[in-house]
Amino acid sequence: MRRKDCVAMILAGGQGSRLGCLTKMIAKPVVPFGGKYKIIDFTLSNCVNSGVDTVGVLTQYRPHELSRYIGSGQPWDLDRYDGGVYILPPYVTGESGEWYKGTANAIYQNIEFIEGFKPKDVLILSSDHIYIMDYRRMINAHREKQADASIAVIPVPWEEASRFGIVSADSAEMINGFVEKPPEPPSNLASMGIYVFKWDVLKRYLIADEQLEYSNNDFGKNIIPAMLEDGARLYAHTFQSYWKDVGTIESLWQANMDLLEKPLPLDLYNVTRRIYCRNAAKPPHYVAAGAKISDSLVPEGCEIFGDVHKSVLFPGVRIGAGSVVTNSVIFPNARIGRDCVIDKAIISDNTIVDDGCAINVPPAGDGSGGYGASSAGINYDFLSDYCSGGISLIASDIRLSGGVRIAPNSMVETDVP
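Residues numbered from 1 in each chain as written. Predicted model: local features only at pLDDT ≥ 70, side-chain atom pairs only at ≥ 80, totals over all residues. Heavy atoms only, no water.

### What about the packing of aromatic side chains?
Counting across every chain of the model gives 14 aromatic pairs. Judged by centre distance (5.1 Å) and plane angle (65°), the rings of Y86 and F113 are edge-to-face. Of the two residues, Y86 is situated in strand β5 (residues 84-88) and F113 in helix α4 (residues 111-115); the sequence distance between them amounts to 27 residues. Exposure remark for F113: the relative accessible area of 16% places this residue in the buried category. Linked through ring pairs, F33, Y37 and F42 together constitute an aromatic cluster. Over the face of the ring belonging to Y69 we find K38, whose NZ or CZ atom lies 5.8 Å from the ring centre. (Phe/Tyr/Trp six-rings, centres within 6.5 Å; stacked < 30°, edge-to-face > 60°. Helix = DSSP H or I, 4+ residues; strand = E, 2+ residues; numbered from the N terminus. Buried < 20%, exposed > 50% of the residue type's maximum accessible area, 1.4 Å probe, protein only. Lys NZ or Arg CZ within 6 Å of the ring centre and 35° of its normal.)

What follows is the structure, given as structure tokens:
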């Protein structure tokens, strides 16, 4: 096996519980995004566009759909004899076997895999972020500075900084502090969960961390602080373009809505930095006479008989006559009947919304009059801790019967008769 200068390891085993019913049956990296993609498409495409052709994908929670989707890696040009993409679930050896206990432990359990390529550096990546990045710039800067580790950072609003791992660095970007989700952040440079490590250095710290009884086996909580304490050379690499953590319902909805802004915050049409994906061929979309579409993404295979405004649709979606869909994300093959009103909702795969339904309307009887949906419908108020910001979430493969009204901030997981 030929030696590789850099091997990428994508952490894709998390449950993604904050996405509620979207990740009940699938892993978070294969949640649909942006009209045709899966979330993990961005990380995989960034790798191949950056010349990183050897990629390990570490799976754990409900890995089957993720493994099937990646397959041989052909859509991302990662179906290679020398390198390519590898699916790496936890496994049992002759002596032991266990689930990945943390981000660092996941890499520790794959030391043998990485060693097989004898890399100079290892690139550690998350699989739940939306961004376009050339990793070569970070890797080159890492080597020029002779860093033991480099951390990609992005400035965030001060009021949001306590949600992230926060980096403190001097004027030369040498890191002198790192703290996970501090209540009083010392800076607003947030870690993006993208690391470049000298492999021989990282291997040493992974082995040492595994011997600590009370370690969280986590990069942010254990490996990075230990390296700083030992005086290792850590540098920040500042990223100034679009980046979004889509780990919550609200952030996933907002990232989809961002794609409708002008100018586009994320250039999905740059031929030199294309985002690749695996999609079955579909016929062109159909827009009926009298239908209206504005400020929306409507891909192939859709049939539009009603009105669609500021929404992101996926292949195979059907919108019935007289229906109005606004500020919403409709996943593949969902069916919206006639005379429905849908606003600020995420409707999952293969779900059927029968005629006259209203999603994300005020509860009946509050005097607001709703959105003009049938007042004869039963008011179902599926309030949930997962949904906020007025977003309603409808699970996949269910049916909402005609005339049903769904209140804001609701998560519906079963058929509604």
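From this point, the discussion proceeds with the structure in view.
### Structural notes on the pattern of salt bridges
Following the criterion strictly, the structure yields 18 salt bridges and no others. Measuring nitrogen to oxygen at the nearest pair gives 3.1 Å for the salt bridge that ties K101 to E210. Of the two residues, K101 sits in the loop between β5 and α3 (103-108) while E210 sits in helix α6 (residues 199-210), which places them 109 residues apart along the sequence. Across the pair R399 and D354 runs a salt bridge, and its minimum N-O distance is 3.1 Å. Of the two residues, R399 sits in strand β29 (residues 399-400) while D354 sits in the loop between β25 (352-353) and β26 (358-359), which places them 45 residues apart along the sequence. With relative accessibility at 41%, the residue R399 sits in the partly exposed group. You can call D354 buried: its relative accessible area is 18%. Within this structure, K4, D53, D77, R80 and D82 form a network of salt bridges that share partners. (Salt bridge = Lys/Arg side-chain N within 4 Å of Asp/Glu carboxyl O.)

### Overview of helix α5 (residues 135-144)
For α5, the full list of buried residues reads Y135, M138, I139, A141 and H142. One side of α5 carries all its buried residues, which in axial view fall inside an arc of 165°. Residues of α5 that are exposed and point over 90 degrees away from its buried face: R137 and E144. With its phi angle positive at about 50°, Q146 sits one or two positions after the end of α5. (Arc of directions from axis to C-beta.)

These results come straight from atomic positions and should not be treated as a statement about function.
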